[in-house]
Amino acid sequence: MYGNPDKFYEEALEQAFGKPVKVESASSIGGGCINNGVKLMTSEGNFFLKWQKGIPEDMFEKEALGLKLLAGARIIKVPRPIAWGMMQGRHYFLMEFIEAAPPVRGYWADFGRALAAMHKDNSAGTYGLDHDNYIGKLPQPNTKHKNWIGFFIENRLEFQLKLAMSNGLVSSDFVERYRKFYEKLPDLLPADRPALLHGDLWSGNVMTGPDGKVCIIDPAVYYGHREVELAFTQMFGSFPHDFYAAYEEVWPLEPGYDERVDIYNIYPHMTHTNLFGPSYLGGVEQVLRRYV
Ligand code: ADP
């Protein structure tokens, strides 16, 4: 960081608490894809502070809203958002620091059951959300739809395709086959009721909390088909088997889920293409070759 980091921490804390807060220690936390992060031990308690320059203005505000929605479900722990804003030209986000304890026995099964309960008990009248948010630092529109496939095409597949087109990442032949695939979706994807989703559930966003159970961070929340969430967990290698078995004990999936994983994961493959480059298009091509 340029400038005096302690001054930055103190100013962010003062903005958050409306009074000076003494920083007793600051230790940097790595591991994030996008942000800088630090654990602050202060006279007001321990906090996680992250910051970034040049990100969308309301990105941390939307992350805070997402965390609040998940917290409202009262099933899986999330960090409590405390304050967000702009300090010394950087966007910052201050939240509860999650102190990890050793994982409980049956950690993954417990998480599987909890996620199924969250999906099952938190529904909405439509797919989408009352606001748009972000996935990573990409915009994620959540325009409401009664119909899941309509929602998935417009807000997920087509939106990311347009982004990739404007970034010059896809050929016209790819675009044609990709859009042709939309016609196949009604025969491939089952209906289900909208479920509250974390929206970006990969292992990097799963931490262990002070009770030794899962705590989830960095959401991209919306109401969607629950299979999308499970498919997302398989994007970079799956979670342990116990997680899926326990999920299905609470709320079984429709037959044929395994066949649908790659279809749902066109979305993260496209977001990764737009964030990190076209090497991720391979995962999309595989699906197009199979169905188009
Ligand atoms: P990204 O840069 O991908 O947005 P984050 O900045 O949210 O990621 O998180 C980076 C790392 O910081 C995480 O992998 C996790 O280890 C740690 N972390 C995130 N939030 C907290 C928190 N509230 N308490 C403690 N550690 C956290």
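Look up a bit, the structure's there.
A brief look at the structure comes next. (Residues numbered from 1 in each chain as written. Predicted model: local features only at pLDDT ≥ 70, side-chain atom pairs only at ≥ 80, totals over all residues. Heavy atoms only, no water.)

**Describing the side chain of T233**
For clarity, the cut-off: Secondary structure follows DSSP: runs of H or I at least 4 residues long count as helices, runs of E at least 2 residues long count as strands, and numbering of each begins at the N terminus. Only protein chains enter the area calculation, which uses a 1.4 Å probe; residues under 20% of their type maximum are buried, those over 50% are exposed, and those in between are partly exposed. As used in this structure description, the phrase polar contact means that two N or O atoms lie within 3.5 Å; if the pair is within protein, one of them must be able to donate a hydrogen and the other to accept it, and residues adjacent in sequence are counted only when both atoms belong to side chains. Two residues form a contact once any of their heavy atoms are found within 4.5 Å.
Tracing the backbone shows T233 in the loop between α7 (226-232) and α8 (241-250). By relative accessible area, T233 is classed as buried at 1%. A distance of 2.5 Å separates the side chain of T233 from the backbone oxygen of L230, its partner in a polar contact. Engagement of the side chain of T233 in a polar contact is seen with the side chain of Y244, the distance being 2.8 Å. The contacts of T233, once residues within four sequence positions are left out, are L201, S238, F239, F243 and Y244.

**Some thoughts on the side chain of K39**
Inspection of the secondary structure puts K39 in strand β2 (residues 36-42). The class of K39 is buried, set by a relative accessible area of 13%. At a separation of 3.1 Å, a polar atom in the side chain of K39 contacts the side chain of E99. Discounting chain neighbours no more than four positions away, the residues touching K39 are S25, A26, S27, I29, N46, F47, F97 and E99.

**Thoughts on the pattern of salt bridges**
The following threshold applies: One side-chain nitrogen of Lys or Arg within 4 Å of one carboxyl oxygen of Asp or Glu is enough to make a salt bridge.
For the structure on display, the rule yields 16 salt bridges. Notably, a salt bridge pairs D110 with K213, separated by 3.8 Å at the nearest N-O pair. Of this pair, D110 sits in helix α3 (residues 107-121) while K213 is found in the loop between β9 (206-208) and β10 (214-216), placing the two residues 103 residues apart along the sequence. R226 is the salt-bridge partner of D192, the closest N and O atoms lying 2.8 Å from each other. Of this pair, D192 sits in the loop between α6 (185-188) and β8 (195-197) while R226 sits in helix α7; the two residues are 34 residues apart in sequence, bridging distant segments of the chain. The class of R226 is buried, set by a relative accessible area of 3%.

**Looking at the nonpolar core**
Condition: Side-chain atoms within 4.5 Å are what join buried Ala, Val, Leu, Ile, Met, Phe, Trp, Tyr and Cys residues into a set we call a nonpolar core. The domain boundaries here were taken from an automatic or database domain assignment.
Judged by nonpolar contacts, the single largest core of 73 residues is most densely connected at F111, W148, F174, Y178, L185, I216 and M270. Residue contributions to this core peak at eight residues, all from helix α4 (residues 148-166). Viewed by domain, this core spans two of them, domain 1 (5-96) and domain 2 (107-291), each represented by three or more residues. Ignoring any residue separated from it by four or fewer positions in sequence, one finds L185 in contact with I149, F152, I153, L157 and I263. Of all hydrophobic cores here, the second largest spans 15 residues; its members include Y9, V21, A83 and Y92.

**Thoughts on α4**
Which entries qualify depends on this criterion: Residue count minus one, scaled by 1.5 Å, sets the expected span of a helix. Fitting axes to the seven residues that end at a residue and to the seven that start at it, the angle between those axes gives the bend at that residue.
Taking 1.5 Å per residue, 19 residues should reach 27 Å; α4 reaches 26 Å between its end C-alpha atoms and fits that length. A bend of about 35° at E158 is the largest found in α4. Buried within α4 are the following residues: W148, I149, F151, F152, I153, N155, R156, L157, E158, Q160, L161 and A164. A side-chain oxygen of the first residue of α4 lies 2.9 Å from the backbone nitrogen of I149; this N-cap is N147. Where α4 terminates, the next one or two residues include G168, which has phi positive at roughly 65°.

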